[in-house]
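# Geometric and topological summary
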Amino acid sequence: MAIKNKKLNLKDKYQYLTRDMAWEPTYQKKEDIYPDERFEGIKITDWSQWEDPFRLTMDAYWKYQAEKEKKLYAIFDAFAQNNGHQNISDARYVNSLKLFLSGVSPLEYAAFQGYARVGRQFSGAGARVACQMQAIDELRHSQTQQHAMSHYNKHFNGLHDAAHQHDRIWFLSVPKSFFDDARSAGPFEFLTAISFSFEYVLTNLLFVPFMSGAAYNGDMATVTFGFSAQSDEARHMTLGLEVIKFILEQHEDNVPIIQRWIDKWFWRGFRLLSLVGMMMDYMLPNKVMSWAEAWEVYYEQNGGALFKDLERYGIRPPKYQDVANAAKNHVSHQAWSTFYQYSQATNFHTWMPEEEEMAWLSEKYPETFDKYYRARFEHWDKEHKEGRRFYNNTLPQLCQVCQIPVIFTEKDDPTVFSHRQIKHEGERYHFCSDGCCDIFKNEPEKYIQAWLPVHQIYQGNCGGADVATVVEKYYHINPGVDNMEYHGSPDHQRWLDIKGLKPLKSNSEKKSAA
Amino acid sequence: MSVNAISEYHAEPKDRVENFNGMQLLYVYWPKHLMFCAPFALLVAPDMTFGAFVDELLKPAVAGHPDSEKADFLNAQWLLNDEAFTPDPAATLIDNGIDHKSMLTVTTPGLEGIQGSAS
């Protein structure tokens, strides 16, 4: 047969190379091949309704990604050869990279594992291909982030063992347990958690702060990674919305299940983003915008429009959204207070804001900063200048679900912790909020097994009986070098050397309590 | 509700008292002193007296706070697991009804944190 047009159009090509790669099994029952597709109660009546927003085929995918990779690594090389780390705003900025490398890059890897698994579980070919591409994207992101930041490891401390630390350091159990929760759920909950709640609803609150933060602070390597990942992220976001609409359109019985997952994963995502909030408000020497402003734009406005759009499916905005919206004026201050006082056990440095940074915080948080936080920070600053840098010498109570210390306050009274407690089968459990307590009550068996770092230390499972041993031997943090106060640290000293500056008198007098 | 799983799902609590080598966990919250970012999680011997707990664990834990010297914890207002509670300083923690993973809340009237900011 003579072929008139040798080149297939995009739609046909997609059809041949994706949907037509699947087949109806005859030797085995479909339920046996895809055994995880039904137990969550989600009903899919017609997989062919799955829309593929990008109609990307694997051959085109490899081609695009290879092009992006080439450009990206050319810039990494140039960055390293030109000693790009010397052009950043201030060495305090590098601490946000330490947080990213140990807290976020391992999540990209966890996402890769998650999509690789669920991509096997769907009987619809369109969903399988979408998950396969996203799995490869996530693996690429994990890898390129590590390459983007590896240059800093040659010049600053604390970037040497992120993967090891992700599995051990107390606060890294927050991002780790978030993904473990999603990956140990069924395939549809995983997609609702990661594709929809995280990638669609909340991802701008993770990537924009970190990547704009890199741009504002002269970090060419990381900002170039950001550009290289942008088209992938756009694809992930679109998938997130398609997933949720597809499931909701398939059967009305799916609506209450999806609603419960949206409630859960919005709350878990919101809690996780506390780390990003403090990074934006406290760890970036050149500020992009405040956390409260970011929350208003990316959640209250964009999220508001999204949930208005989903109303027609019978979906309402996430439960406790009002609590999250009110908390935008508090969480970054509460989180930074926490890391400041437990900095003997963190893989990065902390510090008190400079005077002009305090003024910026007062301006951005007119209702809350001066009233609830300024006195605390000025007290700590004074203590530090007098040689008594404050460290909390106990361990904190952790939330059984999000694993963050119980640091958050009541919506209507920011002077009171929103602690909650329940008894389940004779054991007591403690939570940071109603949101986390509800998640526990829905699936208690899942969370009674939580590996809570504080409790594990007390049980003797973390290599030593005292915090100093745990930090050094189990976390692989080099005490007094990787952790504690920034001023007077080796990183600080190196930065002054790079800039040809002598330590300021007040700084040289500041002692790190090592 | 319970976990919706593909097969029978059984899990053990990770933090049973047996796992703490004879000790138990005790959480302590000092309201209006949020400079301490969260309630303390302390490892305590169940047969320690309440008085010893205040002197040997609580006081060192709060020593970094400017209000700590003014705080009279034995004559303060206590809650045990959110219920009113009058501790007996001479009795052990367990005899005071303080079991594993209990939460004590101690309010010291008149002390409102750094410059009255509840910090």
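Residues numbered from 1 in each chain as written. Chains lettered and ligands numbered in written order. Predicted model: local features only at pLDDT ≥ 70, side-chain atom pairs only at ≥ 80, totals over all residues. Heavy atoms only, no water.

### So, a nonpolar patch on the surface
Here is the rule: Distance thresholds for patches are 9 Å for like charges and 5 Å for nonpolar side chains (Val, Leu, Ile, Met, Phe, Trp, Tyr), applied to residues having over 30% relative accessible area and no salt bridge. All accessible areas in this document rest on Shrake-Rupley with a 1.4 Å probe, and a residue is counted as covered only by the protein chains that are shown. For this analysis, a salt bridge means a side-chain nitrogen from Lys or Arg found within 4 Å of a carboxyl oxygen belonging to Asp or Glu. Each residue is assigned to one of three classes by its accessible area relative to the maximum for its type, calculated with a 1.4 Å probe on protein chains only: buried under 20%, partly exposed between the two thresholds, exposed over 50%.
Taken together, the side chains of A:Leu8, A:Tyr16 and A:Leu17 make up a nonpolar region of the molecular surface, amounting to roughly 290 Å² of accessible area. Classification of A:Leu8 by relative accessible area gives partly exposed; the value is 44%.

### Things to note about the nonpolar core
Here is a general trend for soluble globular proteins: nonpolar side chains tend to be buried in one another's company. Applicable threshold: The definition of a nonpolar core used throughout is a set of buried Ala, Val, Leu, Ile, Met, Phe, Trp, Tyr and Cys residues joined through side-chain atoms within 4.5 Å. Each helix is a run of H or I in the DSSP string that is no shorter than four residues. Each strand is a run of E no shorter than two, and both are numbered from the N terminus. For this analysis, residues touch if any pair of their heavy atoms sits within 4.5 Å.
Formed by 188 residues in total, the largest nonpolar core has its most connected members in A:Trp291, A:Trp295, A:Tyr475, B:Phe53 and B:Trp78. Among the elements that make up this core, the one with the highest residue count is helix α11 (residues 220-250) of chain A (11 residues). Ignoring sequence-local partners within four residues, the contact set of B:Trp78 consists of B:Phe50, B:Phe53, B:Val54, B:Leu58, B:Phe73, B:Glu83, B:Ala84, B:Phe85, B:Pro87, B:Leu104, B:Thr105 and B:Val106. Listed in part, the 6 residues of the second largest apolar core include A:Leu56, A:Met58, A:Tyr61 and A:Val129.

### Some details on the pattern of salt bridges
Between side chains of opposite charge, a pair can form as their charged atoms come close. Residue and element names in this part refer to chain A. The final tally for this structure, using the stated rule, is 45 salt bridges over all chains. Residue Asp52 pairs with Arg19 through a salt bridge whose shortest N-O separation is 2.5 Å. With a gap of 33 residues between them, Asp52 in the loop between α2 (30-33) and α3 (58-81) and Arg19 in the loop between α1 (10-17) and α2 connect regions that are remote in the sequence. Per residue, the accessibility class of Asp52 equals that of Arg19, and both read buried.

### Regarding the pairing of strand β3 (residues 413-417) of chain A
All names here are of chain A. Basically, it comes down to this: Two strands qualify as a pair provided DSSP detects at least 2 bridges between them.
Here 2 bridges tie strand β2 (residues 409-410) to β3, and the two strands are oriented antiparallel to one another. Bridging across to β3, Thr409 finds its partner in Phe417. Between β2 and β3, which follow one another and run antiparallel, lie 2 residues.

### Things to note about the interface of chain A and chain B
Filter applied, for reference: For any pair of parts, buried area is found by adding up, for both, the accessible area (1.4 Å probe) each one loses once the two are put together. Following the grouping adopted for this structure description, the nonpolar residues are Ala, Val, Leu, Ile, Met, Phe, Trp, Tyr, Cys and Pro, the charged ones are Asp, Glu, Lys and Arg, and the polar ones are all others, Gly among them.
Contacts between the two partners involve 53 residues from chain A and, on the opposite side, 46 residues from chain B. Together, the buried faces of chain A and chain B total about 4,300 Å²; carbon and sulfur atoms form 56% of this surface. One can count 2 salt bridges joining chain A with chain B. Its salt-bridge partner being B:Asp99, residue A:Arg428 comes within 2.9 Å of it at the nearest N-O pair. The set of elements that each furnish at least two residues to the side of chain A that touches chain B consists of α16 (331-341), α18 (369-385), β1 (395-396), β3, β5 (427-431), α19 (434-442), α20 (444-447) and α21 (453-459) of chain A. With 6 residues, the top contributor of residues to the side of chain A that touches chain B is α18(A). Looking at the side of chain A that touches chain B residue by residue, the classes come out as 23 nonpolar, 19 polar and 11 charged. By the bridge criterion, 2 bridges tie β1(A) to strand β2 (residues 40-44) of chain B in an arrangement that is antiparallel.

### Focus on empty space enclosed by the protein
All names here are of chain A. What counts is decided by this rule: Both site types are read off a 1 Å grid over the protein atoms alone. A 1.4 Å probe that fits but cannot get out defines a cavity, while an open set with protein on both sides within 12 Å along at least five of seven lines defines a pocket; lining residues have an atom within 4 Å of a point. Grid points are joined across faces, edges and corners, and a volume is the space filled by probe spheres set on the points.
Throughout the structure, instances matching the rule amount to 10 cavities of 30 Å³ or more. In terms of lining residues, the largest cavity is bounded by 16 residues, among which Asp52, Phe54, Ala130, Met133 and Arg235 are the most central. Listed by contribution, the elements that provide at least two residues to the lining of the largest cavity are α6 (125-153) and α11. Here the element with the most residues in the lining of the largest cavity is α6; it accounts for 5 residues. Across the lining of the largest cavity, the residue classes tally to 9 nonpolar, 3 polar and 4 charged.

### Some details on the UniProt feature "domain: YHS" (unreviewed entry) in chain A
Rules: UniProt positions are given in the numbering used here, feature names are shortened, and annotations may be inferred rather than shown by experiment.
In the numbering adopted here, UniProt assigns the feature "domain: YHS" (unreviewed entry) to residues 419-451 of chain A. The distance separating the terminal C-alpha atoms of residues 419-451 of chain A is 20 Å; by composition the span is 39% helix and 30% strand.

### Here we look at α11(A)
Residues and elements named next belong to chain A. Rules: Under the convention used throughout, the expected extent of a helix is 1.5 Å for every residue step, that is, one less than its residue count. A residue's bend is given by the angle between axes fitted to the 7 residues ending at it and the 7 residues starting at it.
The end-to-end C-alpha distance of α11 is 45 Å, a good match for the 45 Å that 31 residues give at a rise of 1.5 Å each. The sharpest bend along α11 reaches about 40° and sits at Gln230. Counting buried residues in α11 gives 23 out of 31 residues, a clear majority hidden from the surface.

### Comments concerning α16(A)
Note that an α-helix has 3.6 residues per turn; residues three or four places apart therefore point the same way. Counted residue by residue, α16(A) has 11 buried out of 11 residues, so it is predominantly covered. Restricting attention to buried positions, one finds in α16(A) the residues A:Val331, A:Ser332, A:His333, A:Gln334, A:Ala335, A:Trp336, A:Ser337, A:Thr338, A:Phe339, A:Tyr340 and A:Gln341.

### Side note on the packing of helix α5 (residues 105-121) of chain A against helix α8 (residues 173-183) of chain A
Residue and element names in this part refer to chain A. As a reminder, the rule being used: For every element, the axis is a line fit to its C-alpha atoms; helices are fit only across the contacting stretch, and the angle between N-to-C directions ranges from 0 to 180 degrees. Angles are sorted into four bins: roughly parallel if under 35 degrees, roughly antiparallel if over 145, roughly perpendicular if 65 to 115, and oblique for all others.
Packing of α5 against α8 brings their axes to within 10 Å, and their N-to-C directions diverge by 0°. Considering their axes alone, α5 and α8 lie roughly parallel with respect to each other. Residues Leu107, Ala110, Ala111, Gln113, Gly114 and Arg117 of α5 lie in contact with α8, whose contacting residues are Pro175, Lys176, Phe179 and Arg183. Among the residues making up the contact of α5 with α8, the classes are represented as 5 nonpolar, 2 polar and 3 charged.

### Here's the deal with unusual backbone geometry
All names here are of chain B. Despite not being glycine, Asn81 has its phi angle at roughly 50°, a positive value. Take Asn81: it is sitting in the loop between β3 (77-80) and β4 (83-85). Judged by relative accessible area, which is 14%, Asn81 ranks as buried.

### Brief notes about the packing of aromatic side chains
The cut-off we apply is this: Ring pairs shown here join Phe, Tyr and Trp side chains whose ring centres sit within 6.5 Å, with only the six-membered ring taken for Trp; geometry is labelled stacked below 30 degrees between planes, edge-to-face above 60, and tilted in between. Note on geometry: a ring has a charge over it if NZ (lysine) or CZ (arginine) is within 6 Å of the ring centre and within 35 degrees of the ring normal.
Evaluated as defined, the whole model comprises 51 aromatic pairs over all chains. Ring geometry for A:Trp351 versus A:Tyr486: centroids 5.8 Å apart, planes at 65°, classification edge-to-face. One end of the pair, A:Trp351, is in the loop between α16 and α17 (355-364); the other, A:Tyr486, is in the loop between α22 (467-474) and α23 (490-498), and 135 residues separate them in sequence. You can call A:Trp351 buried: its relative accessible area is 1%. A relative accessible area of 2% means that A:Tyr486 is categorised as buried. Each residue in the set A:Tyr282, A:Trp336, A:Tyr340, A:Trp351, A:Phe369, A:Phe377, A:Trp380, A:Phe390, A:Tyr486, B:Phe36 and B:Phe40 is aromatic and connected to the rest through ring pairs, giving one cluster. When the ring centre of A:Tyr340 is taken as origin, the NZ or CZ atom of A:Arg389, which lies over that ring, is 3.5 Å away.

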